[in-house]
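Here is what each chain is made of, one letter per residue.
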Amino acid sequence: MHKKYTWRTAEKTIYPIKKAPSIATLPTQTFITISGSGNPNSDAFGRKIAALYAVSYAIRMAPKKGIHFPGSFEYTVYPLEGF
């Protein structure tokens, strides 16, 4: 079994803990996303975020439930990010 991938330690150049802003060159990555516009305090946005986390944790926990798929590995779920 592979060691758990922890983004906090493995990606310090992407997610640095600094008090000042910095510029980082990011590698190509794949994410589960939602898109839209409007009030982030709305019920609709809250439901979308809840679904996003439900999918993220289902994928993350699949190997522990005996569900394996190509390229899967144990990891720490990333925090919510916005653009």
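Further up the page is the structure itself.
The rules behind each value
Residues numbered from 1 in each chain as written. Predicted model: local features only at pLDDT ≥ 70, side-chain atom pairs only at ≥ 80, totals over all residues. Heavy atoms only, no water. Helix = DSSP H or I, 4+ residues; strand = E, 2+ residues; numbered from the N terminus. Buried < 20%, exposed > 50% of the residue type's maximum accessible area, 1.4 Å probe, protein only. Areas by Shrake-Rupley, 256 points an atom, 1.4 Å probe, with all protein chains shown as cover. Phe/Tyr/Trp six-rings, centres within 6.5 Å; stacked < 30°, edge-to-face > 60°. Salt bridge = Lys/Arg side-chain N within 4 Å of Asp/Glu carboxyl O. Patch = residues over 30% accessible without salt bridge, like charges linked within 9 Å, V, L, I, M, F, W, Y side chains within 5 Å.

### A look at the overall build of the protein chain
Scanning the protein chain from terminus to terminus reveals 2 helices and 0 strands. Overall size of the protein chain, expressed as C-alpha extent along the three principal axes, is 40 × 35 × 20 Å. Taking all 83 residues of the protein chain together, 16% fall into the buried category. Counting every atom, the protein chain has about 7200 Å² of accessible surface; 60% of that belongs to carbon and sulfur.

### Looking at the packing of aromatic side chains
The geometry of an aromatic ring pair is captured by the separation of the ring centres together with the interplanar angle, meaning the angle of the planes. For the structure shown, the criterion picks out 2 aromatic pairs. With a centroid separation of 6.3 Å and an interplanar angle of 85°, the aromatic rings of F31 and Y78 are classed as edge-to-face. In this pair, F31 sits in the loop between helix 1 (7-10) and helix 2 (43-61) while Y78 sits in the segment after helix 2, placing the two residues 47 residues apart along the sequence. Relative accessible area serves as the criterion here: at 44%, F31 is assigned to the partly exposed category. Looking at Y78, the relative accessible area reads 22%, which means it is partly exposed. With a centroid separation of 6.2 Å and 25° between ring planes, the pair formed by Y53 and Y57 is classed as stacked. Here Y57 and Y53 lie together in helix 2, a separation of 4 residues that amounts to about one turn.

### Observations concerning the pattern of salt bridges
In total, this model carries 2 salt bridges according to the counting rule given. Its salt-bridge partner being R60, residue E74 comes within 3.4 Å of it at the nearest N-O pair. You can see E74 sitting in the segment after helix 2 and its partner R60 sitting in helix 2, a full 14 residues away along the chain. Each member of the pair, E74 as well as R60, carries the same accessibility label: buried. Here K64 ties to E74 by a salt bridge, and the two come within 3.8 Å at their closest N and O atoms. Here E74 lies in the segment after helix 2 and K64 lies in the segment after helix 2, a separation of 10 residues in the sequence.

### Things to note about a nonpolar patch on the surface
The grouping of I32, V55, I59, I67 and F69 at the surface amounts to a nonpolar patch, some 400 Å² of accessible area in total. Among the structural elements, I67 can be located in the segment after helix 2. By relative accessible area, I67 is classed as partly exposed at 48%.

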